[in-house]
Amino acid sequence: MSEVRTRFAPAPSGAIHVGNARTALYSWLTARHHGGAFVLRVEDTDASRVTEEAFHLVMDSLRWLGIDWDEGPDVGGPHAPYRQSERLGIYHEHVGRLVEAGHAYRCYCTPEELEERRRAALAAGQAPGYDGRCRRLTEAERAAFEAEGRPSALRFAMPERELVVHDLIKGEVRFAPGTLRDFVILRSDGSPTYLLAAGVDDLLMGMTHIIRGEDLLAATPRQLALMEALGATSFPVYAHHPLIVGPDRQPLSKRHGATSVEAFRERGFLPEAMVNYLAILGWSYEDRDLFSVDELIRLFDVSRVSRNPAMFDVQKLEWMNAHYIQQLDDDELAARCMHFLTAAGLLPEPGLLRRAMPLVRERMKVLADAVGLLRFLFTDDVEPDERAAKVLAGAPEGYLAAAASALEAVEPWTAANVAAALDVLAQGAGLSRTKGWQPVRAAVTGSTISPPLPESLELLGRERTLARLRAAATRAA
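Below or above, wherever it landed, is the structure these notes cover. (Residues numbered from 1 in each chain as written. Predicted model: local features only at pLDDT ≥ 70, side-chain atom pairs only at ≥ 80, totals over all residues. Heavy atoms only, no water.)

### Section: the overall build of the chain
And step 1. Along the chain, the regular secondary structure elements total 20 helices and 11 strands.
And step 2. On C-alpha atoms alone, the chain measures out to a radius of gyration of 31 Å, which is more than a quarter above the 23 Å that the 2.2 N^0.38 rule sets for 477 residues.
And step 3. The dimensions of the chain, computed from C-alpha atoms along their principal axes, are 105 × 50 × 40 Å.
And step 4. Classification of the 477 residues of the chain by burial places 49% in the buried group.
And step 5. The long-range fraction of contacts in the chain, counting pairs at least 24 apart against all pairs at least 6 apart in sequence, stands at 75%.
And step 6. Per element, the accessible surface of the chain, about 22,400 Å² overall, is 51% carbon and sulfur.
And step 7. Here the chain carries 54 positive and 65 negative side-chain charges, and the mean point of each set is 4 Å from the other. (Helix = DSSP H or I, 4+ residues; strand = E, 2+ residues; numbered from the N terminus. Rg over C-alpha atoms; globule rule 2.2 N^0.38 Å. Buried < 20%, exposed > 50% of the residue type's maximum accessible area, 1.4 Å probe, protein only. Contact = heavy atoms within 4.5 Å. Areas by Shrake-Rupley, 256 points an atom, 1.4 Å probe, with all protein chains shown as cover. Lys, Arg positive; Asp, Glu negative; His and termini not counted. Charge placed at Lys NZ, Arg CZ, Asp CG, Glu CD.)

Here it is as structure tokens:
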């Protein structure tokens, strides 16, 4: 096999959708599996949608996932430039070749005329689509339109024969003659359409494998016909994967919650978990769920991608993320939690944060959970939440003051000694450990949910623990 070349070609108008990220991942894994090249190409000819901010956000999200590229806008390569807005001259040159060879023609139909004919076709029970009217214009009719100054677009003349797409996922897909209508390749303002720009670029950049969503399947025979008209003798292999759906089996969208890579990143999902989960959304190997990146590169084959839509299951992603959190050592986990703690306005002392990691790692589904679990440790502004307030209100009279006195006598200040003192306190009040410890937890952490209490108090220290218990006792008096 010659060098495998794959690409990801986003049109960045916002944060990258997880479905597009999966497409990028599948393309990247295919290139890496075969020792080939992965290309990042940006489809930014639509200036009304694409923004520079989104362009850089897409690249940042891909890098966060660990998806790197061998050629692209920021790294260059033999087929530069890699932004379509910088390749307009190339598209116009190829359009000229198509016109000269009789594969493209000017279309003078106005949007109103096209809409009127579309409605008429639907009313007659016919499939809508361009009827080829301008393909049949006489020279005199064309001259009249030109003299009138009527704007015109350029359309590609589709061959009137059956077209076949050999798809690695869907198998052989046939398109009957006449079902694929002539399509616009150059708009009246001179801007190229997706079908033209992507087809020309895939040809010139030597793409061997094009992996994309099944919503673009109808574009494939059109682009193959366009490549053929430009003289291509070899063509890319295509793989159109099903889209990702939500629990309602509809395409995943914002109504299902977070849908962008950036949104999951901001919630504290790890890139290792996101890559693993996106890979198995439709692809499988020996009924396994957990794969390292190296394993994915070694095992991934796009032909094993299912033909059925994959449902995005946030709970499974959370389970997988928790697994990867537990694989991190204390230093690495602390470093990753630091961003979320500081973003919440906390200033963790690194050594103390690292010591807290064994207490919280098994309680975390996402890194952002560290904020709620460890807030008490890095601020003394601890206000009891609603549940904690109820626990404090229901504590036996004088219990919090007694807790402060009992803990003041603990020596040395260790989790084991703190636990023993709390147990004696609870037994003396006729309470179970759970009911006896909860008022202390509520007073010190402001919550009824925290890391193990004795270990938390050991980290918090004697002085801060006693100060909070005495303050709570004073408020309760």
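### Re the layout of surface pockets
And step 1. One number sums up the size of the largest pocket: a volume of about 880 Å³.
And step 2. Along its surface, the largest pocket is lined by 36 residues, and A9, P10, A11, N20 and L216 are the ones closest to its centre.
And step 3. Breaking the lining of the largest pocket down by element, the ones donating at least two residues are β1 (5-8), α1 (18-33), α6 (194-204) and β8 (209-213).
And step 4. Take the lining of the largest pocket: its biggest share by element is 4 residues, from α1. (1 Å grid on protein atoms, 1.4 Å probe; cavity = no way out; pocket = protein on both sides within 12 Å on 5 of 7 lines; lining within 4 Å. Points joined across faces, edges and corners; volume = space filled by probe spheres on them.)

### Regarding the nonpolar core
As a rule of thumb, soluble globular proteins bury nonpolar side chains together.
And step 1. F312 and L407 are the most contacted members of the largest nonpolar core, which has 102 residues in total.
And step 2. The leading source of residues in this core is α1, at 8 residues.
And step 3. Look past the residues within four positions of F312 in its chain and what remains in contact with it is V18, I244, V245, L252, F264, Y277, L278, L281 and L317. (Core = buried A, V, L, I, M, F, W, Y, C linked by side-chain atoms within 4.5 Å.)

### A word on the environment of L346
And step 1. Structurally, L346 is set in the loop between α12 (330-343) and α13 (350-360).
And step 2. What makes L346 buried here is its relative accessible area of 4%.
And step 3. Along the primary structure L346 and T379 are separated by 33 residues, whereas in three dimensions their C-alpha atoms are 6.9 Å apart.

### Remarks on the state of the cysteines
And step 1. According to the stated counting rule, one finds 0 disulfides in the structure shown.
And step 2. We note that C134 lacks a disulfide partner, and the nearest cysteine sulfur, in C109, lies 3.6 Å from it.
And step 3. You can call C134 buried: its relative accessible area is 2%. (Disulfide = S-S within 2.5 Å.)

### Considering the sheet that holds strand β7 (residues 183-186)
Strand-to-strand pairing in sheets goes through backbone hydrogen bonds, with the strands running parallel or antiparallel.
And step 1. Judged by pairing direction, the sheet is antiparallel, and its 3 strands sit side by side in the order β3-β4-β7 without closing on themselves. Of all strands in the sheet, those with a lone pairing partner are β3 (104-107) and β7, marking the two edges. Across the sheet, the axes of successive neighbouring strands diverge by a mean angle of 45°, strand direction being ignored.
And step 2. By the bridge criterion, 4 bridges tie β3 to strand β4 (residues 153-156) in an arrangement that is antiparallel. Bridge pairing in β4 places A104 opposite F156. (Pairing = 2+ DSSP bridges. Axes fitted to C-alpha atoms, helices over the stretch in contact; angles between N-to-C directions.)

### Observations regarding the pairing of strand β5 (residues 163-167)
And step 1. Only one face of β5 is buried, namely the one carrying L163, V165 and D167, since none of V164 and H166 on the opposite face is buried.
And step 2. In this structure, β5 lies alongside strand β6 (residues 171-175), joined through 5 bridges in antiparallel fashion. Pairing of L163 across the sheet is with F175, part of β6.
And step 3. Counting the residues between successive antiparallel strands, the hairpin from β5 to β6 contains 3 residues.

### So, helix α14 (residues 369-378)
And step 1. Here α14 lies mainly inside the structure; 7 of its 10 residues are buried.
And step 2. Those residues of α14 lying buried are A370, V371, L373, L374, F376, L377 and F378.

### Considering unusual backbone geometry
And step 1. Note the cis peptide between A80 and P81, where omega equals 0°.
And step 2. Here P81 lies in the loop between α2 (52-65) and α3 (88-100).
And step 3. Residue E411 is joined to P412 through a cis peptide bond whose omega torsion reads -5°.
And step 4. Mapped onto the secondary structure, P412 falls in the loop between α16 (399-408) and α17 (415-428).
And step 5. We note that E286 has phi near 55°; this positive angle belongs to a residue other than glycine.
And step 6. A residue is classified by how much of its surface remains accessible, and E286, at 57% relative accessible area, is exposed.

### Observations regarding the packing of aromatic side chains
The relation between two aromatic rings is expressed through the spacing of the ring centres and the mutual angle of the planes.
And step 1. Enumeration over the complete set of coordinates arrives at 9 aromatic pairs.
And step 2. Centre to centre, the rings of F156 and F183 are 5.4 Å apart; their planes meet at 35°, and the pair counts as tilted. Placement of F156 in strand β4 and of F183 in strand β7 is noted, with a sequence separation of 27 residues between them. Here the two residues F156 and F183 agree in accessibility, since each one is buried.
And step 3. Ring centres of W283 and Y285 lie 6.4 Å apart, and the angle between their planes is 15°; on these two criteria the pair is classed as stacked.
And step 4. Residue Y285 is classed as partly exposed on the basis of its relative accessible area of 22%.
And step 5. Among the aromatic side chains, those forming a connected cluster through ring pairs are Y26, W283, Y285, F291 and F300.
And step 6. Directly above the aromatic system of F55 lies the positively charged group of R83, at a separation of 4.0 Å from the ring centroid. (Phe/Tyr/Trp six-rings, centres within 6.5 Å; stacked < 30°, edge-to-face > 60°. Lys NZ or Arg CZ within 6 Å of the ring centre and 35° of its normal.)

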